[in-house]
Amino acid sequence: MTDVDVQLTHRYLAACAIAREAGRLIRLRFEQRGDALTLKFKGPQDYLTETDAEVERLIAARLAESFPDDDFFGEEGGGSFGRDVWIVDPIDGTADFARGVPYFCVSIAFVRDGRTEVGVLYDPMHDELFAAQRGGGATLNGASLKVSPITDIREAVVELGWSSRVPFEGYAAVHARLHALGAGVKRRGSGALGIANVAMGRQDAYCELHINAWDAAAAVLLVEEAGGWASDFLTPECLQHGNRVIVCTPALREQLERAMDL
Ligand code: LIP
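Our subject in this report is the structure included herewith. (Residues numbered from 1 in each chain as written. Predicted model: local features only at pLDDT ≥ 70, side-chain atom pairs only at ≥ 80, totals over all residues. Heavy atoms only, no water.)

Concerning the layout of surface pockets
Right, so step 1: Computed from the structure, the largest pocket encloses a volume of approximately 660 Å³.
Right, so step 2: Lining the largest pocket we find 33 residues, and of these Gln 45, Trp 162, Ser 163, Arg 165 and Gly 189 sit closest to its centre.
Right, so step 3: Grouping the constituent residues of the lining of the largest pocket by class yields eight nonpolar, 11 polar and 14 charged.
Right, so step 4: Each of domain 1 (3–144) and domain 2 (153–259) contributes no fewer than three residues to the lining of the largest pocket.
Right, so step 5: As for the second largest pocket, its lining consists of 19 residues, of which Arg 33, Thr 38, Thr 49, Phe 97 and Ala 98 are closest to the centre.
Right, so step 6: Taken together, the elements giving at least two residues each to the lining of the second largest pocket come down to helix H2 (50–66) and helix H3 (94–99).
Right, so step 7: A class-by-class count of the residues in the lining of the second largest pocket yields six nonpolar, six polar and seven charged. (1 Å grid on protein atoms, 1.4 Å probe; cavity = no way out; pocket = protein on both sides within 12 Å on 5 of 7 lines; lining within 4 Å. Points joined across faces, edges and corners; volume = space filled by probe spheres on them. Nonpolar A, V, L, I, M, F, W, Y, C, P; charged D, E, K, R; others polar. Domains from an automatic or database assignment. Helix = DSSP H or I, 4+ residues; strand = E, 2+ residues; numbered from the N terminus.)

Here is the structure:
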C-alpha cells in the first residue's frame, strides 16, 4: 500500500467514524424536537435548523483535529476549496428533519484534485452507514453494494429531485418525459439518500436539474463504486455553483440523458 493509499484509507476510516458521531447528535436533536413547530427558512422552502450548524461545527472540528492541512467546505458555513478538501452537508433532507419526518442523512466527501476519493453518508434514524473509497467498492454497514439489474425503463423507479433553485417548468417537463417513457417517478427530500438508494438497488435512477456539491458528491461515488453510471457531476464549476446530476443503472443512461436535456 503506497503512502497515498494509506492517507486515503485513513480519511475513509475517519469519515466513517465522524459520520456516526454526527449522526448520533442529529438523532438526539431530532428526538428532542418537542411539539412546538418553529420553522426557519434560508429561502423559499429552503429550511434552516440550528442543528445543521451545530453538526457542521462538530464535523469541521473533528476533521481539523485529524487533517489540519485539509480544506473544509460546508453547506452552512462555507469554507475554501484547496487541493484536498472535505465537502460536507450536515443534514441532507433538512425539510423532513425540521418537520419530524425521519428521512435525512449526514454527507461527507473527501475530494483531491477535484475528484471524490471518499464518500460517506449516515442515516441515523435507520442506522445505515453508506461508504465508498474510490477503487474499493461501496458498502452499506460493511456489506457490498450493487445497483439494480433493471434495463427496461418501464420497470424502473426514477427519483426526480427538485428545489426552488430551478424553475418548476423544467422539473415538470422532465417529469412528463419520464412518465411518457413508462418510468415510476418519485420525489422525496434528500438527494444524497436518493442517490444512495440507487447504489444499493432500492431504486434505479436519481436525476435533478440542479443540486449542490455538498448534497451529492459523496453519494455519486457510491453509485460509481456499485457498478452504476453517473454523469460528470463534480466539475470545477460544481464545487461553487452546483450542477445537474444523473445516476442510474447503466442500461438507462441514454434515455435519462435525453429526458434531462432541456
Ligand atoms: C436537499 C437536496 C435535494 C434538493 C433539496 C435540498 P438539503 O438538500 O438533497 O436534492 O432537492 O431542495 O437542497 O437542503 O436538505 O441539505
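That was the structure; now back to the text.
Here's the deal with the sheet that holds strand S11 (residues 157–161)
Right, so step 1: Reading across from one edge, S12-S11-S13-S15-S14 is the order of the five strands in this open sheet, with mixed pairing throughout. Lying at the two open borders of the sheet, with one neighbouring strand each, are strand S12 (184–186) and strand S14 (229–230).
Right, so step 2: On the sheet, helix H4 (residues 168–180) packs against S11, S12 and strand S13 (205–211) and is oriented at approximately 175° with respect to S11.
Right, so step 3: With respect to the sheet, helix H5 (residues 191–199) is in contact with S11, S13 and strand S15 (243–248), its orientation differing from that of S13 by roughly 150°. (Pairing = 2+ DSSP bridges. Contact = heavy atoms within 4.5 Å. Axes fitted to C-alpha atoms, helices over the stretch in contact; angles between N-to-C directions.)

Some thoughts on unusual backbone geometry
Right, so step 1: Positive phi, close to 50°, is recorded for Asp 113, a residue that is not glycine.
Right, so step 2: With respect to the secondary-structure elements, Asp 113 resides in the loop between strand S6 (105–112) and strand S7 (115–123).
Right, so step 3: Assessed through its relative accessible area of 53%, Asp 113 is described here as exposed.
Right, so step 4: Phi angles above zero are rare outside glycine, and Asp 127 is one such case at about 50°. (Buried < 20%, exposed > 50% of the residue type's maximum accessible area, 1.4 Å probe, protein only.)

Section: the packing of aromatic side chains
Right, so step 1: Applying the stated criterion across every chain, the model contains 10 aromatic pairs.
Right, so step 2: An angle of 45° between the planes, with centres 5.6 Å apart, marks the rings of Phe 168 and Tyr 171 as tilted. You can see Phe 168 and its partner Tyr 171 sitting in helix H4, three residues apart, about one turn around the helix.
Right, so step 3: Owing to a relative accessible area of 47%, Phe 168 belongs among the partly exposed residues under this scheme.
Right, so step 4: Taking the relative accessible area as the measure of exposure, Tyr 171 reaches 10% and is therefore buried.
Right, so step 5: Aromatic ring contacts, followed pair by pair, group Phe 30, Phe 97 and Phe 104 into a single cluster. (Phe/Tyr/Trp six-rings, centres within 6.5 Å; stacked < 30°, edge-to-face > 60°.)

Comments concerning helix H6 (residues 213–225)
Right, so step 1: End to end, H6 covers 18 Å across 13 residues, agreeing with the expected 18 Å (1.5 Å per residue, within 8%).
Right, so step 2: Here H6 lies mainly inside the structure; 12 of its 13 residues are buried.
Right, so step 3: Among the residues trailing H6, Gly 227 stands out with phi positive, at a value near 90°. (Expected span 1.5 Å × (residues − 1).)

What to know about the site of the ligand
Right, so step 1: Inspection of the region around the ligand gives 15 residues, with Asp 89, Asp 92, Gly 93, Gly 191 and Glu 208 positioned closest.
Right, so step 2: The contact in question runs from an oxygen atom of the ligand to an N or O atom on the backbone of Gly 93, over 2.7 Å.
Right, so step 3: Contacts to the ligand include Arg 165, whose side-chain N or O atom sits 2.9 Å from an oxygen atom.
Right, so step 4: Computed on the free molecule, the ligand has an accessible area of 370 Å², of which 89% lies beneath the protein chains in the complex.
Right, so step 5: The cavity where the ligand resides is the largest pocket.
Right, so step 6: Only strand S5 (84–92) and S13 provide two or more residues apiece to the shell around the ligand.
Right, so step 7: Of the residues belonging to the shell around the ligand, the class tally is four nonpolar, five polar and six charged.
Right, so step 8: Both domain 1 (3–144) and domain 2 (153–259) contribute no fewer than three residues apiece to the shell around the ligand. (Near = heavy atom within 4 Å. Polar contact = N/O pair within 3.5 Å; in protein donor to acceptor, adjacent residues only side chain to side chain. Areas by Shrake-Rupley, 256 points an atom, 1.4 Å probe, with all protein chains shown as cover. Sits in = over half its atoms within 2 Å of the grid points.)

Digging into the sheet that holds strand S8 (residues 128–133)
In a beta sheet, neighbouring strands are held together by backbone hydrogen bonds and run either parallel or antiparallel to one another.
Right, so step 1: Strand order in the open sheet formed by eight strands is S4-S3-S5-S6-S7-S8-S9-S10, and the pairing between neighbours is mixed. The sheet is open, and its two edges are formed by strand S4 (78–79) and strand S10 (143–144), each paired on a single side.
Right, so step 2: Where S8 and strand S9 (residues 138–140) come together, three bridges link them in antiparallel fashion. Across the sheet, Phe 130 pairs through a bridge with Leu 140, a residue of S9.
Right, so step 3: Strand contacts of helix H1 (residues 3–31): S5, S6, S7, S8 and S9, with the helix running at about 160° to S6, the strand carrying the most contacts.
Right, so step 4: Across the sheet, H6 lies against strand S3 (71–74), S5, S6, S7, S8 and S9, angled at about 100° from S7, the strand it touches most.

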